[in-house]
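Here is how the chains run, residue by residue.
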Amino acid sequence: MEQKQWYMEYKIHKNRPGLLGDIASLLGMLEVNIITINGVEDRTRGMLLQTNDDEKIELLGKMLKKVDNITVNALRPPKLVDILAVRHGRYIERDSDDRKTFRFTRDELGLLVDFLGELFKREGNQVIGLRGMPRVGKTESIIAGSVCSNKRWTFVSSTLLRQTVRSQLSDEEMNQNNIFIIDGIVSTIRSNEKHYTLLQQIMSMPSTKVIEHPDIFIQESHFDYSHFDCIIELRNNPEEEITYETFTSYDF
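Since the model is a prediction, treat every value here as computed from it, not as a measurement.

**A few points about unusual backbone geometry**
Then step 1. Here Glu-31, not a glycine, exhibits a phi torsion of approximately 60°, which is positive.
Then step 2. Mapped onto the elements, Glu-31 comes out in the loop between helix H1 (19–29) and strand S2 (33–39).
Then step 3. Even without glycine at this site, Arg-135 takes up a positive phi of about 55°.
Then step 4. Mapped onto the fold, Arg-135 is located in the loop between strand S7 (126–132) and helix H5 (138–148).
Then step 5. With relative accessibility at 61%, the residue Arg-135 sits in the exposed group.

**With respect to the sheet that holds strand S4 (residues 70–76)**
Then step 1. Pairing is antiparallel in the open sheet, where four strands are placed in the order S2-S3-S1-S4. At either end of the open sheet lies a strand with only one pairing partner, and these are S2 and S4. Across this sheet, the average inter-strand angle for adjacent strands is 20°, counted without regard to direction.
Then step 2. Of the pairings in the sheet, the one linking S2 to strand S3 (residues 44–51) comprises six bridges and is antiparallel in character. Each bridged residue has a counterpart across the sheet, and for Thr-36 the counterpart in S3 is Leu-48.
Then step 3. Packed onto the sheet, H1 meets strand S1 (4–12), S2, S3 and S4 and runs at close to 15° relative to S3.
Then step 4. This element, helix H3 (residues 80–88), spans S1, S2, S3 and S4 of the sheet and lies at about 65° to S2.

**Some remarks on the packing of H3 against helix H4 (residues 109–120)**
Geometrically, a packed helix pair is captured by the angle between its two axes and the distance between the axes.
Then step 1. Where H3 meets H4, the axes come as close as 11 Å, and the angle between the chain directions of the two elements is 145°. The handedness of the crossing between H3 and H4 comes out as right-handed. Every residue of H4 that contacts H3 at Leu-80, Leu-84, Arg-87 and His-88 is listed here: Gly-110, Leu-111, Asp-114, Phe-115, Glu-118 and Leu-119.
Then step 2. Here the contact of H3 with H4 is built from residues that sort into five nonpolar, two polar and three charged.

**Looking at the nonpolar core**
Then step 1. With 23 residues, the main nonpolar core has Phe-104, Phe-115, Phe-120 and Ile-232 as its most contacted residues.
Then step 2. Elements that contribute at least two residues to this core include exactly H3, strand S6 (101–105), H4, S7, H5, strand S11 (179–183) and strand S13 (230–235).
Then step 3. If one sorts the elements of this core by residue count, H4 sits on top with six residues.
Then step 4. The contacts of Ile-232, once residues within four sequence positions are left out, are Phe-102, Phe-104, Leu-112, Phe-115, Leu-116, Ile-128, Gly-129, Leu-130 and Arg-131.

Rules behind the numbers
Every residue gets a number counted from 1 within its own chain, in the order that chain's sequence is written. Only residues with pLDDT of at least 70 get local features here, since the model is predicted, and only at 80 or more are side-chain atom pairs given and counted; chain-wide, interface and lining totals rely on the full set of residues. Calculated side-chain values reflect all of the structure's heavy atoms, with hydrogen atoms and water omitted. Segments assigned H or I by DSSP are reported as helices when at least four residues long, segments assigned E as strands when at least two residues long, and all are numbered from the N terminus. Type-normalised accessible area, obtained with a 1.4 Å probe on protein chains alone, sets the label of each residue: buried when under 20%, exposed when over 50%, and partly exposed for intermediate values. DSSP calls a pair of strands paired once it identifies at least 2 bridges connecting them. Inter-axis angles, ranging from 0 to 180 degrees, are taken between N-to-C directions of lines fitted to C-alpha atoms, where helices are fitted over the stretch in contact. Working rule for contacts: check all heavy atoms of both residues, and any pair within 4.5 Å makes them a contact. Crossing handedness is read from the near helix: turned anticlockwise from the far helix by less than a right angle, it gives a left-handed crossing, and turned clockwise, a right-handed one. Gly falls in the polar group here, along with every residue not listed as nonpolar (Ala, Val, Leu, Ile, Met, Phe, Trp, Tyr, Cys, Pro) or charged (Asp, Glu, Lys, Arg). Here the nonpolar core consists of buried residues drawn from Ala, Val, Leu, Ile, Met, Phe, Trp, Tyr and Cys, with membership extended through side-chain atoms lying within 4.5 Å.

Rendered as C-alpha cells:
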C-alpha cells in the first residue's frame with residue numbers, strides 16, 4: 001500500500017512528564033511515522049502522521065481512547081487547515097454559519113500568506129474572494145502567496161500603485177497557471193466594455209482568480225456567491241467592521 005498522511009489532534013487533560021514520549025513510543029511500535037508535531041491552541045497537540053496501513057490508524061485510535069490523560073479530537077486524512085495548524089500552532093478562524101469563510105487579522109499575515117500559497121498550488125478553476133478595508137494588506141498578501149506557490153500573478157484590475165483596468169493581456173499573461181488578481185470595485189464600477197469582455201474570458205478559464213471586494217463584484221455583475229470556492233476576510237483587528245458604504249471616497 002502507498003504511504004498516506006493522517007492528522008491526529010488530542011487534548012491534554014493532565015500534562016504529566018513522559019506523556020509525549022509514551023505516545024511517540026506507541027506510534028513507533030506501530031511503525032507509524034511522525035512527520036510534524038506542534039502545539040495547537042491551548043493544551044492541544046497536533047501531529048501529521050504517515051503510514052501505509054490504514055488498519056494501524058484505526059488500532060491507534062482505539063488504543064488512545066484508553067489513555068486517561070488525553071482525549072483524541074481528530075484522527076483523519078489531513079485537511080489544509082490541519083496542515084497549517086501544525087505549522088503555525090493555531091487554527092484559522094472560520095465563520096460558524098458559513099464554513100467557506102475564513103478570517104484573519106493583520107498580525108496573522110504570515111498564516112494568511114501560507115494559506116493562500118497552499119490554495120494557489122491547486123490546479124484547475126477556483127475563485128477566491130478577499131474582503132478587507134483599504135490598506136490592510138489584501139493585494140500584498142495575494143502577491144506573497146503567489147511567490148510561495150511559485151506561480152506568476154497577473155493584474156486584471158487593481159489600485160495597488162495606480163488604478164489598473166486592463167482591456168487585453170498578452171499570451172504569456174493569459175497562461176491559465178497564473179494567479180489572476182481582480183479588484184471587484186474597479187472591474188465592475190470603474191471599467192469599460194472591453195475590460196468586462198476580458199473579465200468574462202478570465203472567469204471562464206480553468207485557473208485561480210482572486211477577487212478583492214467580492215461583495216461589490218457580486219452586486220454589480222451577474223456572478224453570485226455560489227461562484228466562489230472560499231471567502232477570506234482580512235481585518236486590522238478582530239472588531240473591525242468591513243463596510244463599503246463610503247468606498248467611493250477611499251483609495252481601494
